[in-house]
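Architecture and fold: a report
What follows is each chain in one-letter form.
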Amino acid sequence: MSLGGSGSEAGDVVAALRAVPGVADAEIIPDDVGGPGTLRLQLSQGADEVAVATAVHRILGEQFGLGVDAGRVQVLEESVPPRPARPTPAPAPEPEVEPEPEPEPESEPEPQVEAGPWRPATPPPPPPPPPPPARPPLSAVPDRQQATVDVVTPAATEPPVPPRLLIQRMQLVSAHLGVTTEVTLVLAERAFTGSADAAATPTSVQRAVAHATLRAVEASIDRVARFELEHLETAALGSDRAVVVELSMITRYGTERLTGVSTVRDDARQAVVRATLDALNRRIESYLVSA
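These figures come from a predicted structure and were not determined experimentally. (Residues numbered from 1 in each chain as written. Predicted model: local features only at pLDDT ≥ 70, side-chain atom pairs only at ≥ 80, totals over all residues. Heavy atoms only, no water.)

Next up on the list: the nonpolar core. Counting 37 residues, the largest nonpolar core has Leu 165, Val 217, Phe 227, Leu 280 and Ile 284 as its most contacted members. Within the residue set of this core, elements represented by two or more residues are strand 7 (178–187), strand 8 (190–199), helix 3 (202–220), strand 9 (226–237), strand 10 (240–251), helix 4 (268–280) and helix 5 (285–290). Once residues within four sequence positions are removed from consideration, Leu 165 is found in contact with Leu 185, Val 186, Leu 187, Val 217, Ser 220, Leu 277, Asn 281, Ile 284 and Leu 288. Val 14, Val 23, Leu 43 and Val 56 belong to the second-largest nonpolar core, a separate cluster that totals 20 residues. (Core = buried A, V, L, I, M, F, W, Y, C linked by side-chain atoms within 4.5 Å. Buried < 20%, exposed > 50% of the residue type's maximum accessible area, 1.4 Å probe, protein only. Helix = DSSP H or I, 4+ residues; strand = E, 2+ residues; numbered from the N terminus. Contact = heavy atoms within 4.5 Å.)

Turning next to the sheet that holds strand 11 (residues 254–263). In spatial order, the strands read 9-10-11; together these three strands make up an open sheet with antiparallel pairing. Of all the strands in the sheet, just strand 9 and strand 11 have a single pairing partner and so form its edges. The sheet shows a mean angle of 15° between the axes of neighbouring strands, direction not considered. Here strand 10 runs beside strand 11; their pairing, made up of ten bridges, is antiparallel. Bridge pairing in strand 11 places Val 244 opposite Val 261. (Pairing = 2+ DSSP bridges. Axes fitted to C-alpha atoms, helices over the stretch in contact; angles between N-to-C directions.)

From the geometry alone we can't say anything about function, so treat these as descriptive.
Pasting the structure below:
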C-alpha cells in the first residue's frame, strides 16, 4: 500500500493519524512522479514532535504496512501573525434637537401638469450570495506547528547483500599412509587456501577437510580469530544424510560455540566444507568487511 493509492486507503491513513494525541490535522500530498506521496501532519501547540513521530511510525507500520524514513523527517515552526487589535467603538452622538419650522408664507398655487399613464418601477436585482469562507492554509493557522513526514513502502528499501565465502576447489593428495587436503575459498575475486593432513580413513579425511576449511577461513579474516573442530558426524535426515559440525571460535573477547549442517549430495567431503561455512558465514560477516 502507498499513500498515493485509492481514496479510501488514503482516507483511512488520514483518519487514523488525526486520532493521534498532539496531531491537529493531517493531509496527503500526492507525488508528481507516482511515488508513495507525502504525509503532512499539523501538530497542536506544545505537542512533543518526538512522541508524535513515534506514534505515527507505529500506526503506519502496524495498521497499514508503511515505514517512515526517520532521517528525512523535518519539523517546521511557523511564526504566528499578531492578531489585529479590536477597534474601540466611538461614543454615540447625542441626539440633536431640531428647531420648530417657521410657517412659510402663503404662495400662489403651482400650475397643474398632466402626466402620462402610471407604470411601476423595475425592482433592483437581488444581491449575489456571499462566497463561502476559504479554508486557511496550514501555515496560516495561528498557534499551530507544521510537520512534514516522507513515507516510503518497505519494498523501497532493500538491505545490502553481506559478503560470503564461496567454495572454489577441494583437493586430496594421497601419500604413503596419509592424505593431504587443500581447500580454496574465494571472496571478491580473492582466493584463500588452507591445508591439513590426516590418516587414510574416511573419518580422518572428513575431519582433515574441515580443518583445511577452517585454516582458509582464518586466512580470509587476517587470523583475528582461531577456529577448532569440536565434533563432526553424518546423521540421517529423513530419507537423506546430513553432515553436522560443531566448532569453537576463539577471539580476544572469549570462546563461542557454532553449529552448521549441510545435506550430502554427491560427495560427503564437499558437504563437510558446506557445513563448516554454514556455521561460520553469518558470524564472520563483520570480520570479512573489515578485512
